[in-house]
Amino acid sequence: MVDITDPKRTKQAASRRDFLKAGLLGGAAVAASAGVARAAGDPLITEIQDWNRYLGEGVDVAPYGKPSEFEANVVRRNVPWLTADPVSSINFTPLHELDGIITPNGLCFERHHGGTAIINPADHRLMINGLVDTPLVFTMEDLKRFPRENRVYFLECAANGGMEWRGSQLNGCQFTHGMIHCVVYTGVPLRYLLEEAGVKTNGKWLLAEGADASAMTRSIPMEKALDDCLVAFKMNGEALRPEQGYPLRLCVPGWEGNMWVKWLRRLEVGDEPWAQREETSKYTDLLANGKARRHTWVMDVKSVITSPSPQAPVTHGKGPLVITGLAWSGNGTIKRVDVTLDGGRTWQTARLDGPSLPKALHRFYLDINWDGSELLLQSRAIDDQGLVQPTKNELRAARGENSIYHNNGIQTWHVNNDGVVENVEVS
Amino acid sequence: MLKFPKSAALAVLALTAFASPSLADGDADAGQKVFKKCAACHAVGDGAKHKVGPELNDVFGRTAGSAEGYKYSNAMSEAGQGGLVWDAETLSTYLAKPKDMIKGTKMAFAGLKKDDDIANVLAYLKTFSQETAAAPAAVETGKTPVETADAGAAVEAAPAAEMAVEKSQGAFGLGRKAMPDEIAAWDIDVRPDGTGLPEGRGTVAEGEPIFVENCAVCHGDFGEGAGRWPVLAGGQDTLRNDRPEKTIGSYWPYLSTVFDYVRRAMPFGNARSLSDDDVYALTAYLMYLNDIVDDEEFELSKDNFASVHLPNEANFIPDDRASEPHYAKGIEPCMSECKPGPVKITARAQVIDVTPEGEGDENSGGGID
């Protein structure tokens, strides 16, 4: 089970963990704690509580506000064995604790290849060079004088789910699907900057480069660069977080997260791709026949149930149960999400709620009356191009098990009679 | 701006050396060179931060395993709790054979073989330790760049203004023309056809000692990878195996990527510290480790670079995901009686259970790369 390591963890969290550990309690016993009639009234109501009598803290105690102390377990977590060193590593968004479609800035998963670069915006420069009429240098101040746009986009690492190719491995959607986040970006359309420099007619490719210790680089076709890419400096209304590329990052909507170069310092226009390390050694998809696909940029149609899930078991017993999850597609919007309770024999269409924006997360719900029997939960997304999320076995049949990247297979959660949830695969 | 803190740091060095000429028998200047072996993992000096290893300011007099904000191995923390304090003697022992002195230390470094190197590197480190006689003055000087960060920005703004600023000709007239030396400083990318290669050359034989000194701590003497650090050689003919080993020799399509990546990002934690000739020599050595050349005198240069081809180049194909059967157009997903009988569980995460649980972080499954 996932450890709730924070010493200040809440009572609720502690009891949930004990519950998970024991895993023996019957559904009925659990239900009891949820409010069965008592002889005397609930002391939380009949007795006057401290917070009802004594004054709380005034304004300005926390000039930058933080979540409630009772939410201390809602944090990014990593899987230490995955990488050699935390400086070139990854952690995961706690999807099971979130709702809606927007990820709070402090919970957006991190992946860097040379640690978080700390850059004073006054010291940051963006250069455009290569096949352009005039190579240019912009300061952050310059960039903030171009017309801006606000766009909601998901960013998914191409390796999201990469640990699950050979079978279900990690117990929690934070770990199986947490290399994704979705925020509203404010930035300048990349097109404006390229037009300012004047792209030559043979300029067909763009190299984006970061200023960090890995000097991250990716080749992007000019068509995409001129279409919907943004050079962003804000996320969810505030400055980018350092770990998300402060002061400047590239947004490449719908395409793999590695291309969204952080600490963006240079854009070079060229007539051919550069075959950089992150598009040869990495981010190429090895197939069973020994061939490897390259330039697999688009993130496929995908979904996952975020609750119930292994880190968010059913603790309330039988009765009304909210099944909820996320769906997304790098091709556009999500048209429909289906949910099955029996491992894929019968499906029902879930309710999409909240904004439906292209290349953004979509939130779905299925409200059921749980009878306490075992469930094999899955969700299946269909995007506006009509592409249907495949099963893991369909993907394996087409690609083998060594692709690492682009695993968008249907996820199964097993819910037992006690509400304990496990990551499984089914026939 | 960049130059400013650097020269200030030099001033600190000079000052310290001056104030305490006979501090150590080692030579701090020579020690600065030795420290290159440590720099991949450790920072020292003004504003030094933790990298793979802890920052080493004030390491003299430091209780082992006590730098704030750094996560030590249990072995190192315990050594500190047991009373180990770093001084010339304890440091000499540790640096000679880290793992002999502290079993279980996670410093993946074999040790310094020469006593001179140890004495020199310690003399160098000592210039960054408060214990030094000149410490108070040095520390104050050392702080200057930080305290005057704003002044630094002002200094930097001046030359920018002085430069014959050529405005952009674009629709917005924002930004300024990039200077040739600026483009040269940042535009170091190399393409498979050799575009972008700098002048230079290096042989396999020249590459070996550079690799042993700068790369082997992490990647192993033969590119086999120390611990979980990346493997750089071997794995030929494994791409169709259950566990393929993807290396430069077995997987990478182009040699240009090796040159480009090593020059921009390696050694990890000390990027852009190698000369172009070093990078040619290292690239040649990596070819040798991958059996692409077998002659130690083989010389790689700008001239013959584009003629080299890696064995796996032909095996990269365009993205054809759209041709997979499950993405065929017009599929109407099944809604009922989609499977013959009750569904069975075929695999469970609990059997493998590698979900992190605080300690105990063994790798038993696939990776994210």
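This text goes with the structure placed above it.
Residues numbered from 1 in each chain as written. Chains lettered and ligands numbered in written order. Predicted model: local features only at pLDDT ≥ 70, side-chain atom pairs only at ≥ 80, totals over all residues. Heavy atoms only, no water.

### A short note on the interface of chain A and chain B
- The interface of chain A with chain B comprises 114 residues on the first partner and 94 residues on the second.
- Roughly 8900 Å² is buried in total at the junction of chain A and chain B, and carbon and sulfur atoms are behind 54% of that figure.
- The interface formed by chain A and chain B contains nine salt bridges.
- Salt-bridge contacts for Arg-399 of chain A lead to Glu-324 of chain B; the nearest nitrogen and oxygen are separated by 2.8 Å.
- Where chain A touches chain B, the interface holds 50 residue pairs in polar contact (both at pLDDT 80 or more).
- In terms of residue count, strand S24 (residues 421-426) of chain A provides more of the side of chain A that touches chain B than any other element does, five residues in total. (Contact = heavy atoms within 4.5 Å. Buried area = accessible area lost by both parts, 1.4 Å probe. Salt bridge = Lys/Arg side-chain N within 4 Å of Asp/Glu carboxyl O. Polar contact = N/O pair within 3.5 Å; in protein donor to acceptor, adjacent residues only side chain to side chain. Helix = DSSP H or I, 4+ residues; strand = E, 2+ residues; numbered from the N terminus.)

### Some remarks on helix H5 (residues 88-96) of chain B
Residue and element names in this part refer to chain B.
- Among all positions of H5, only Thr-90, Leu-91, Tyr-94 and Leu-95 are buried. For H5, the angular spread of buried residues about the axis comes to 125°, placing them on one side.
- Structurally, H5 contributes buried residues whose contacts are with helix H4 (74-81), helix H6 (98-101) and helix H7 (115-126).
- A side-chain oxygen of the first residue of H5 lies 3.0 Å from the backbone nitrogen of Glu-89; this N-cap is Asp-87. (Buried < 20%, exposed > 50% of the residue type's maximum accessible area, 1.4 Å probe, protein only. Arc of directions from axis to C-beta.)

### A word on the pattern of salt bridges
- Taken as a whole and judged by the stated rule, the model has 37 salt bridges over all chains.
- The closest approach of N and O atoms between Arg-76 of chain A and Glu-110 of chain A, which form a salt bridge, is 3.5 Å. Of the two residues, Arg-76 of chain A sits in the loop between helix H4 (50-53) and strand S1 (77-78) while Glu-110 of chain A sits in the loop between strand S2 (89-92) and strand S3 (111-112), which places them 34 residues apart along the sequence.
- Between Asp-193 of chain B and Arg-191 of chain B there is a salt bridge whose closest N-O contact spans 3.1 Å.
- The structure contains a network of salt bridges with shared partners spanning Glu-209, Arg-265, Arg-266 and Glu-268 of chain A together with Asp-187, Asp-189, Asp-260 and Arg-264 of chain B.

### So, empty space enclosed by the protein
Residues and elements named next belong to chain A.
- Applying the stated criterion across every chain yields a total of seven cavities of 30 Å³ or more.
- In this model, the largest cavity occupies a volume close to 250 Å³.
- For the largest cavity, the lining is made up of 20 residues, of which Arg-111, Arg-249, Gly-257, Asn-258 and Lys-262 are closest to its centre. (1 Å grid on protein atoms, 1.4 Å probe; cavity = no way out; pocket = protein on both sides within 12 Å on 5 of 7 lines; lining within 4 Å. Points joined across faces, edges and corners; volume = space filled by probe spheres on them.)

### Considerations on the sheet that holds S24 of chain A
- The strand order across the open sheet formed by six strands is S19(A)-S18(A)-S22(A)-S23(A)-S24(A)-S5(B), and the pairing between neighbours is antiparallel. Only two strands of the sheet have a single neighbouring strand rather than two, namely strand S19 (348-349) of chain A together with strand S5 (345-348) of chain B.
- Where S24 of chain A lies against S5 of chain B, three bridges are found, and the strand directions are antiparallel. When the bridges of S5 of chain B are listed, Val-426 of chain A appears paired with Ile-345 of chain B. (Pairing = 2+ DSSP bridges.)

### Observations regarding the environment of Asp-115 of chain B
- Relative to the helices and strands, Asp-115 of chain B is located in helix H7.
- Along the backbone, Asp-115 of chain B and Ala-30 of chain B are 85 residues apart, and their C-alpha atoms lie at a distance of 13 Å.

### What about the packing of aromatic side chains?
- Applying the stated criterion across every chain, the model contains 20 aromatic pairs over all chains.
- Taken together, a centroid distance of 6.1 Å and an interplanar angle of 65° make the contact between Trp-229 of chain B and Phe-268 of chain B edge-to-face. Linking Trp-229 of chain B in the loop between helix H12 (216-219) and helix H13 (255-265) with Phe-268 of chain B in the loop between H13 and helix H14 (276-289), this pair joins segments that are 39 residues apart in sequence.
- Assessed through its relative accessible area of 14%, Trp-229 of chain B is described here as buried.
- Note on Phe-268 of chain B: relative accessible area 19%, which makes it buried.
- In textbook terms, an aromatic cluster arises when at least three aromatic residues are bridged by ring pairs, as seen for Phe-138, Phe-146 and Tyr-192 of chain A together with Phe-172 of chain B.
- Positioned above the aromatic ring of Trp-347 of chain A is the side chain of Arg-380 of chain A, whose terminal nitrogen or guanidinium carbon lies 4.0 Å from the ring centre. (Phe/Tyr/Trp six-rings, centres within 6.5 Å; stacked < 30°, edge-to-face > 60°. Lys NZ or Arg CZ within 6 Å of the ring centre and 35° of its normal.)

### Overview of the nonpolar core
- Among the nonpolar cores identified, the biggest contains 98 residues, and Tyr-185, Leu-190, Leu-193, Leu-206 and Leu-264 of chain A are the most heavily contacted of them.
- Apart from residues no more than four positions distant in its own chain, Leu-190 of chain A is found in contact with Leu-206, Ala-225, Cys-229, Leu-230, Val-231, Leu-250 and Leu-267 of chain A.
- By size, the runner-up hydrophobic cluster in this structure holds 45 residues, among which are Ala-292 of chain A together with Cys-41, Ile-248 and Leu-286 of chain B. (Core = buried A, V, L, I, M, F, W, Y, C linked by side-chain atoms within 4.5 Å.)

### A few points about the side chain of Ser-329 of chain A
Residue and element names in this part refer to chain A.
- The topology assignment puts Ser-329 in the loop between strand S17 (319-328) and strand S18 (334-340).
- Within polar-contact distance, the side chain of Ser-329 engages the backbone nitrogen of Asn-331 at 3.0 Å.
- Non-local contacts of Ser-329, meaning those with residues more than four positions away in its chain, are made with Phe-154, Met-299, Asp-300, Val-301, Ile-334, Lys-359 and Asp-383.

### Section: the packing of H13 of chain B against H14 of chain B
Residue and element names in this part refer to chain B.
- Across the interface, H13 lies against H14 with an axial gap of 10 Å and an inter-helix angle of 135°. Comparing the axis directions of H13 and H14 gives the class oblique. Viewed along their axes, H13 and H14 form a crossing whose handedness is right-handed. Only Asp-276, Val-279, Tyr-280, Leu-282, Thr-283, Leu-286 and Met-287 of H14 make contact with H13, whose side of the interface consists of Leu-255, Val-258, Phe-259, Val-262 and Arg-263.
- In terms of residue class, the contact of H13 with H14 is made up of nine nonpolar, one polar and two charged. (Axes fitted to C-alpha atoms, helices over the stretch in contact; angles between N-to-C directions. Parallel < 35°, antiparallel > 145°, perpendicular 65-115°, else oblique. Left-handed = near helix turned anticlockwise from the far one by under 90°. Nonpolar A, V, L, I, M, F, W, Y, C, P; charged D, E, K, R; others polar.)

### Things to note about the packing of helix H11 (residues 204-214) of chain B against H14 of chain B
Residue and element names in this part refer to chain B.
- Two numbers describe how H11 lies on H14: the axes approach to 7 Å, and their chain directions differ by 95°. Taken together, the axis directions place H11 and H14 in an arrangement best described as roughly perpendicular. Along the contact surface, H11 presents Val-204, Glu-206, Gly-207, Glu-208, Ile-210 and Phe-211, while H14 presents Asp-278, Ala-281, Leu-282, Ala-284, Tyr-285, Leu-286, Tyr-288 and Leu-289.
- Class assignment of the residues belonging to the contact of H11 with H14 gives a composition of ten nonpolar, one polar and three charged.

### Considering the pairing of S2 of chain A
All names here are of chain A.
- Side chains of S2 alternate between two faces, with Ser-89 and Asn-91 and Ile-90 and Phe-92 buried alike.
- Relative to S2, S1 runs antiparallel, the two sharing two bridges. What sits directly across from Arg-77, in S2, is Phe-92.
- Pairing of S2 with S3 involves two bridges; the strand directions are antiparallel. Bridge pairing in S3 links Ile-90 to Arg-111.

### Quick notes on unusual backbone geometry
- The peptide bond linking Ser-307 of chain A to Pro-308 of chain A adopts the cis configuration, its omega dihedral lying at 0°.
- Here Pro-308 of chain A shows up in the loop between strand S16 (302-307) and S17.
- Here the amide bond leading from Met-266 of chain B into Pro-267 of chain B is cis, since omega sits at -5°, within 30 degrees of zero.
- Checked against the element boundaries, Pro-267 of chain B lands in the loop between H13 and H14.
- With phi around 55°, Ala-275 of chain A is a residue other than glycine that occupies positive phi space.

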